[in-house]
Amino acid sequence: MGFSLPRAAAIAVALLLLASSGEAFFDMFRQPVDSEYFTNAFDGSQEPAAPVRTEQEEKGAAPATATGLTRVPKPGPPSKAAQDTVELPEDTNGGPTGEWTIVSENSGVSAMHMAIMRNGRAVMFDTVTTGRSLMRLPQDNCRIDPRAKEEGTMDCWAHSVEFDYNTGGLRPLKILTDTWCSSGSFDGDGNLVQTGGYFEGEKVVRVLSPCDTCDWLEHPNSFAEGRWYATQLSLPDGRYIMFGGRRAFSYELVPMPGRTNDRATYMPFLRQTTDEAENNLYPFVNLLPSGNLFLFANNRSVIFDHRAGKIVRELPQLGGGSRNYPASAMSALLPLDLRNVTGDPDPVVVICGGALRTAFRFGENNTFLPALRDCSRINLASPDAQWDSEDMPVGRVMGDMLVLPTGDLLLLSGAAKGCAGWGFGRQPVLTPVLYSPRKEKGPRFRALASSTISRVYHSTSAVLPDATVLVAGGNTNPAYNFSGVDFPTEVRVERFCPPYLSRERAAARPVIDAASVPAEGMRYGAPFTFRFNTPPDSDAVGQGDVKVTMYAPPFTTHGYSMNQRLLILSVTAFREERRSYTVTVDAPGKPELAPRGYYLVFVVAKGVPSKGVWVKIL
């Protein structure tokens with residue numbers, strides 16, 4: 001594709017890599033040939049080469065002998081393309097429109113991937129193929145670069161960091177194998193289980209635990225097939241399943257650490273949805289209350305029974321274009337409302353934006369087609385389920401879609417033209433849009449306050465425990481280039497404060513009494529009781545004013561937040577005493593509704609969310 005590297009000769013290098021602890025050794029890696037990745041899915045022909053990886057010395061960059069965080073090079077004058085942005089008028093009819101602040105001028109690495117850990121940190125990482133970052137590893141803790149021309153060459157630049165989103169503090173993390181366009185999810189103990197990538201990283205499973213001194217632990221040769229641009233989903237039984245990836249028309253479970261899968265299961269659906277530009281990478285996958293999976297690739301979707309290993313239902317096609325990478329639409333499972341339901345809640349999936357099927361091929365000729373504008377949803381509980389579509393205020397490709405604690409969705413970042421890939425997008429969209437799924441068509445969309453920073457390819461975002469949104473990354477180039485390109489590498493980190501936390505509304509913000517939250521966590525189907533308070537000078541709230549939500553923090557990359565999930569819990573008891581409230585909710589009844597692990601629990605009072613508290617469901 002347009003981001004491919006030049007064809008290389010086959011190489012086989014035996015690596016002996018020390019784990020971060022210095023106690024464990026890795027087996028030898030098989031080094032694949034670049035051309036194994038960069039051939040057309042059907043005819044085996046070589047795809048056009050993109051810019052070659054460079055180690056360009058940017059003016060103002062720190063020397064290679066620097067340690068720790070190095071300064072951001074001064075940017076050059078903005079290009080004409082960089083100044084061609086889309087900014088929508090703020091819709092002030094609904095009140096405040098939110099507020100942006102920059103929380104860090106330099107994250108050290110560009111956040112191609114991002115996940116929020118339960119220790120108050122965001123983990124950000126990119127790829128080892130882009131050369132020097134702005135964060136050095138300690139001199140005695142460098143990695144061997146398996147792709148260097150000279151065997152034994154050391155790479156001392158960090159490609160992963162732990163970012164304290166409250167203070168802006170950074171800690172470099174050491175990734176040994178290439179995480180370019182990889183996947184991830186959290187396990188039941190809150191560890192980040194991260195999978196696949198490029199070249200020597202394609203079959204690797206990595207684990208990062210939430211502690212002040214933890215670092216990546218890597219398990220090579222875990223998968224039967226390479227998983228590059230694949231999707232990872234958490235299953236109700238605590239396992240994870242991987243779907244697709246480049247040249248991988250199959251699925252397989254993530255093996256236990258140290259184990260190796262001997263085979264993957266071929267899935268014709270993934271082969272059938274591949275076109276000349278692929279357009280089915282990073283498929284959208286959601287766990288449904290039934291335990292079956294919703295699987296969307298390109299413009300088609302199915303219900304898949306992973307236990308029986310078969311498709312049980314084919315759904316109508318979503319016309320208009322393609323939706324998966326590189327067409328890169330946004331998608332999410334709408335909140336699962338457990339209030340006043342008998343049995344399972346209706347699962348509804350929404351997909352917004354994307355690109356025409358031919359957008360990538362046109363991009364190769366520097367022609368940038370308009371992004372898709374439609375936003376479509378489908379109720380999977382309906383026997384005759386159909387896509388119901390409406391238009392967003394602006395077309396968007398490569399955007400992020402986050403489910404907020406209130407149950408509304410935030411659509412942000414991305415571009416109005418082109419598609420994903422290095423240099424394949426134009427017209428960055430600076431304006432986030434609030435999507436309120438419970439409203440009727442038309443008023444569902446509301447344009448909020450615009451950012452001043454373009455976030456296109458390789459940007460990410462995440463909901464934080466304080467109910468604000470962290471936004472980072474953006475690198476449309478195959479290296480850390482800060483000048484001489486249309487869209488310089490972006491290392492600034494922003495925080496967006498949604499309208500529900502405006503100054504006038506935050507004055508009545510509820511506060512959960514953390515000491516009242518049961519230390520043993522939630523038990524499936526059992527009552528869960530805790531207290532919250534509202535400010536003394538605020539209006540009293542009644543049971544009808546309150547909802548309790550629980551949010552599964554996702555792993556976000558390339559515009560898709562894997563395993564993102566919000567549940568609205570049923571309130572069964574409510575008591576007030578002088579602005580102190582005791583609330584009892586029913587925990588989700590089964591892991592098909594909420595897989596085991598840590599969730600952020602919020603109280604939303606009169607539309608204003610509290611800060612979330614971490615709660616484990618067992």
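In case you missed it, the structure is sitting above this.
Note that the coordinates shown come from a computational prediction; the quantities given were computed from them, not determined experimentally.

Digging into the state of the cysteines
A full pass over the atoms with the stated rule returns 3 disulfides. Paired by a disulfide, Cys 142 and Cys 156 hold their sulfur atoms 1.8 Å apart. Sign of the S-S torsion, about 105 degrees for the bond between Cys 142 and Cys 156, identifies this disulfide as right-handed. Residue Cys 142 is located in the loop between strand 3 (121-125) and strand 4 (143-144), and its partner Cys 156 is located in the loop between strand 5 (154-155) and strand 6 (160-164); the two are separated by 14 residues in the primary sequence. Classification of Cys 142 by relative accessible area gives buried; the value is 10%. Note that Cys 352 is cross-linked by a disulfide to Cys 375, the S-S spacing being 1.9 Å. Of this pair, Cys 352 sits in strand 22 (residues 348-352) while Cys 375 sits in strand 23 (residues 374-379), and the two are 23 residues apart along the sequence. By the burial criterion, Cys 352 is buried, and Cys 375 matches it. Shown here for the protein chain is a disulfide pattern of 1-2, 3-4, 5-6, where each number marks a bonded cysteine counted in sequence order.

Observations regarding the environment of Thr 179
Topologically, Thr 179 is positioned in the loop between strand 7 (170-173) and strand 8 (183-186). It is 8.7 Å that separates the C-alpha atoms of Thr 179 and Trp 228, two residues lying 49 residues apart in sequence. Excluding anything up to four places from it in sequence, Thr 179 contacts His 113, Phe 125, Asp 126, Thr 127, Gln 194, Gly 196, Gly 197 and Arg 206.

Some details on the sheet that holds strand 26 (residues 409-412)
With antiparallel pairing, 4 strands are arranged side by side in an open sheet as 25-26-29-30. Here the strands that pair on one side only, and so sit at the sheet edges, are strand 25 (400-403) and strand 30 (445-447). Strand-to-strand twist across the sheet, computed as the mean angle between neighbouring axes with direction ignored, equals 25 degrees. Where strand 26 and strand 29 (residues 433-435) come together, 3 bridges link them in antiparallel fashion. Paired with Leu 409 across the bridge in strand 29 is Tyr 435.

Here's the deal with the nonpolar core
Counting 86 residues, the largest nonpolar core has Tyr 229, Phe 294, Met 522, Phe 530, Val 548 and Leu 567 as its most contacted members. Counting 41 residues, the second largest nonpolar core, distinct from the first, contains Val 348, Val 394, Val 403 and Leu 566.

Brief notes about the side chain of Thr 431
Within the secondary structure, Thr 431 sits in the loop between strand 28 (425-428) and strand 29. Overall, Thr 431 belongs to the buried group, its relative accessible area being 0%. Looking at Thr 431, its side chain comes within polar contact range of the main-chain nitrogen of Leu 88, at 2.8 Å. Within polar-contact distance, the side chain of Thr 431 engages the side chain of Ser 450 at 2.6 Å. Once you skip the residues sitting within four places of it in the chain, Thr 431 turns out to touch Val 86, Glu 87, Leu 88, Arg 396, Leu 411, Ala 447, Leu 448 and Ser 450.

Calculation criteria
Residues numbered from 1 in each chain as written. Predicted model: local features only at pLDDT ≥ 70, side-chain atom pairs only at ≥ 80, totals over all residues. Heavy atoms only, no water. Disulfide = S-S within 2.5 Å. Helix = DSSP H or I, 4+ residues; strand = E, 2+ residues; numbered from the N terminus. Buried < 20%, exposed > 50% of the residue type's maximum accessible area, 1.4 Å probe, protein only. Contact = heavy atoms within 4.5 Å. Pairing = 2+ DSSP bridges. Axes fitted to C-alpha atoms, helices over the stretch in contact; angles between N-to-C directions. Core = buried A, V, L, I, M, F, W, Y, C linked by side-chain atoms within 4.5 Å. Polar contact = N/O pair within 3.5 Å; in protein donor to acceptor, adjacent residues only side chain to side chain.

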